[in-house]
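# Descriptive analysis of the structure
Chain by chain, the residues:
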Amino acid sequence: MVSRGSLDQVTVLGITRSLAGQPWRWRALAADARDGMAGQDALVDQLLLARGCPPDLLDDHKAPSIRAFMPDPSIFRDMDRAAARLADAVVAGEQVAIFGDYDVDGATSTALLMRVLRDCGLAPRFYIPDRLTEGYGPTATALHRLVAEGATLIVTVDCGAQAFDALGAMEAAVVDIVVVDHHQCATALPPAHALVNPNRLDEVAEASAHGHLAAVGMCFLLAAALVRTLRARGFFASRAEPRLLDLLDLVALGTVADVAQLRGLNRAFVAQGLKVMARRADIALAALADAARLSRAPTCTDLGFALGPRINAGGRVGRADLGVRLLTTADPAEAHALAAELDRLNEERRAIEAAVQAEADERVDLSASVVVVGGHGWHPGVIGIVAGRLKERLGRPVVVVAIDEHGVGKGSGRSIAGVDLGAAVLAAKEHGLLVAGGGHAMAAGLTVQADAVPALTAFLDDRLRAGVERAREDRALLLDAVMAPGGVNPDLVRSLDAGGPYGAGWPSPRIAAGPFRPVRVDVVGNGHVRLVAAGADGNTVKAIAFRAADTPLGQALLAAPPHRRLWLAGRVRLDEWGSRPAAELHLDDAAWAD
């Protein structure tokens, strides 16, 4: 089924410059694992090894389980201290408040801890800041408000690692604060009763190996540590323990939506979480799936592009608390009403995003290694999405800044593999260029005065130029297999899916297939190039290159003469329209075969 040719060749099919202007290369694969590969099982092994799976852990990665990948939560600094403080609150019946970020990771983290604490008999409350009026992370005003309302323990989730001022202002208050975060930390840490973060600079190596976890994953580990602590105290002698595995659907949603790398424990979180979600036992996520017109079992793609954006819509263009309200309700009618409102807000978000995208496209400086674009009046709720789209199109880090009427800019950045944008933003903050900022390697947020944007642009360009140039020089289309035209079929899709779940850090398989002759090429939808191509063996394939009409790839496909043969490269998907399923290619590239 699979023809790999010589894996030791520098390029695949001898293609050094494709229609998109890049070479085609094999994805990395251990040399001693290449021989004797045939059939579906061998193909799955090949996919796993090429993504960095150690050969002795193939079985664990084929069916990733929580048992196989779950670490002892106690390996993380302050984890036992955080769990003990939460256990004290549960036993004493204290008022606990969860302060979460307004994105999907923050919403799912908040909802997970809310549900666990409810199952332990507490009535916790939550606070999600408004993106526009309060910005990212805790403020002293918000924390003092929670204390005034009776909170004796505040847990910040998906934020807090850089909240020096806010947490410092609470040192005299009668409240303990536990921080559960995953964003990069500075050498100094803000004052807190406990600060749980795998990316603490003083973290031990065993814990730092889990630095790719999303905040919701860290909250799951904290919940496990809490249950263990309460169990040791005999708390569950007369009541049932929280069913933590039933919450893996929340963990999967937050992990995928936050573009956390699907390695190690995250693979288990998502693989098992998708199974939980498929049962539709959670009324909130079932209502959200209904609002997204999703009737089948969800996939990673659905979490990232259908469910996640709807949870996010509340924080972007509506009320920031809507997502958590949905994810914590036990009322089916309320769940469906909230899901419908989030669906409506998501449509509104799309319109706003399109307007900002159009303006940002016009302001791109292609000579810069790091593209920084800003605009007055841009909605800060969509700048992260716009930054991501620009990053994909330009192949370099992008920061998009929305400047308000007071001359204050809220920025969101997205990076490319091999370029640590979060560290650069922290460095810019330490140099006095930012009011606030933080993040991780692939994404960052910041606050900057409008008149400091040119200096920030120069700083980021100077700091990251060498890394960006190296990353772009190494740019190549990485392939997992080469198929004959007839090999692009539903069986191939099922074989490739067996190596999943796929996502950030565990990329979806990409194949080359052909040669094909173009039968019909046209533009559909929002600049998508649609192609029907036929192989010499009589097999045809449908393919589509999204938003490619104005790109070199799209232009070449539209002008391709019918007699000239092409290799097509992309990801195979199942097209379930029609009387029987068929495979189609989502194109990333193409190259002349003659």
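Our structure is the block above this text.
These notes cover the structure that comes with them. Predicted, not measured: the structure shown is a model, and the values here were computed from it. (Residues numbered from 1 in each chain as written. Predicted model: local features only at pLDDT ≥ 70, side-chain atom pairs only at ≥ 80, totals over all residues. Heavy atoms only, no water.)

## Section: the overall build of the chain
For the chain, the helix and strand inventory stands at 20 helices and 18 strands. On C-alpha atoms alone, the chain measures out to a radius of gyration of 25 Å, which is about the 25 Å that the 2.2 N^0.38 rule sets for 594 residues. Along the three orthogonal principal directions, the C-alpha set of the chain runs to about 80 × 60 × 45 Å. When burial is assessed residue by residue, the chain has 56% of its 594 residues classed as buried. For the chain, contacts bridging at least 24 residues in sequence account for 65% of all contacts bridging at least 6. Taking the average location of the 61 positive side-chain charges in the chain and that of its 70 negative ones, the two points are 4 Å from each other. (Helix = DSSP H or I, 4+ residues; strand = E, 2+ residues; numbered from the N terminus. Rg over C-alpha atoms; globule rule 2.2 N^0.38 Å. Buried < 20%, exposed > 50% of the residue type's maximum accessible area, 1.4 Å probe, protein only. Contact = heavy atoms within 4.5 Å. Lys, Arg positive; Asp, Glu negative; His and termini not counted. Charge placed at Lys NZ, Arg CZ, Asp CG, Glu CD.)

## With respect to the layout of surface pockets
Considering only enclosed or pocket space, the second largest pocket measures out at about 440 Å³ in volume. If you trace the second largest pocket, you find 19 residues lining it, with Ile66, Met70, Phe220, Leu244 and Leu245 closest to the centre. Only α3 (66-69), α9 (215-232) and α11 (265-278) provide two or more residues apiece to the lining of the second largest pocket. Sort the elements by how many residues they give to the lining of the second largest pocket and α9 lands first, with 5 residues. (1 Å grid on protein atoms, 1.4 Å probe; cavity = no way out; pocket = protein on both sides within 12 Å on 5 of 7 lines; lining within 4 Å. Points joined across faces, edges and corners; volume = space filled by probe spheres on them.)

## Looking at the sheet that holds strand β3 (residues 125-127)
Strand order in the open sheet formed by 5 strands is β3-β2-β4-β5-β6, and the pairing between neighbours is parallel. In this open sheet, the two strands that pair with only one neighbour each are β3 and β6 (194-196). Each adjacent strand pair in this sheet contributes to an overall mean axis angle of 20°, direction not counted. Both strand β2 (residues 96-100) and β3 contribute to a ladder of 3 bridges, which runs parallel. From the neighbouring strand, Phe99 faces β3, where its bridge partner is Tyr127. Against the sheet, helix α5 (residues 104-119) makes contact with β2, β3 and β4 (153-157), and its axis sits at roughly 165° relative to β2, the strand it touches most. (Pairing = 2+ DSSP bridges. Axes fitted to C-alpha atoms, helices over the stretch in contact; angles between N-to-C directions.)

## Some points on the environment of Leu553
Positionally, Leu553 belongs in helix α20 (residues 552-558). Beyond its immediate chain neighbours, meaning those up to four positions away, Leu553 contacts Leu19, Ala545, Asp588, Asp589 and Ala590.

## Some thoughts on the pairing of β4
The side chains of a regular strand alternate between the sheet's two faces. Most of β4 sits inside the fold, with 5 of its 5 residues counted as buried. Residues Leu153, Val155 and Val157 point to one face of β4 and Ile154 and Thr156 to the other, with burial holding for every one of them. Direction of pairing for β2 relative to β4: parallel, over a ladder of 5 bridges. The partner of Gly100 across the bridge, within β4, is Val157. As paired strands, β4 and strand β5 (residues 176-180) are joined by 5 bridges and run parallel to one another. Among the inter-strand pairings, Val155 is bridged to a residue of β5, identified as Val178.

## Observations regarding the environment of Ala458
Inspection of the secondary structure puts Ala458 in helix α18 (residues 453-473). Put simply, Ala458 and Val372 are 86 residues apart on the chain and 9.5 Å apart in space, counted from C-alpha to C-alpha.

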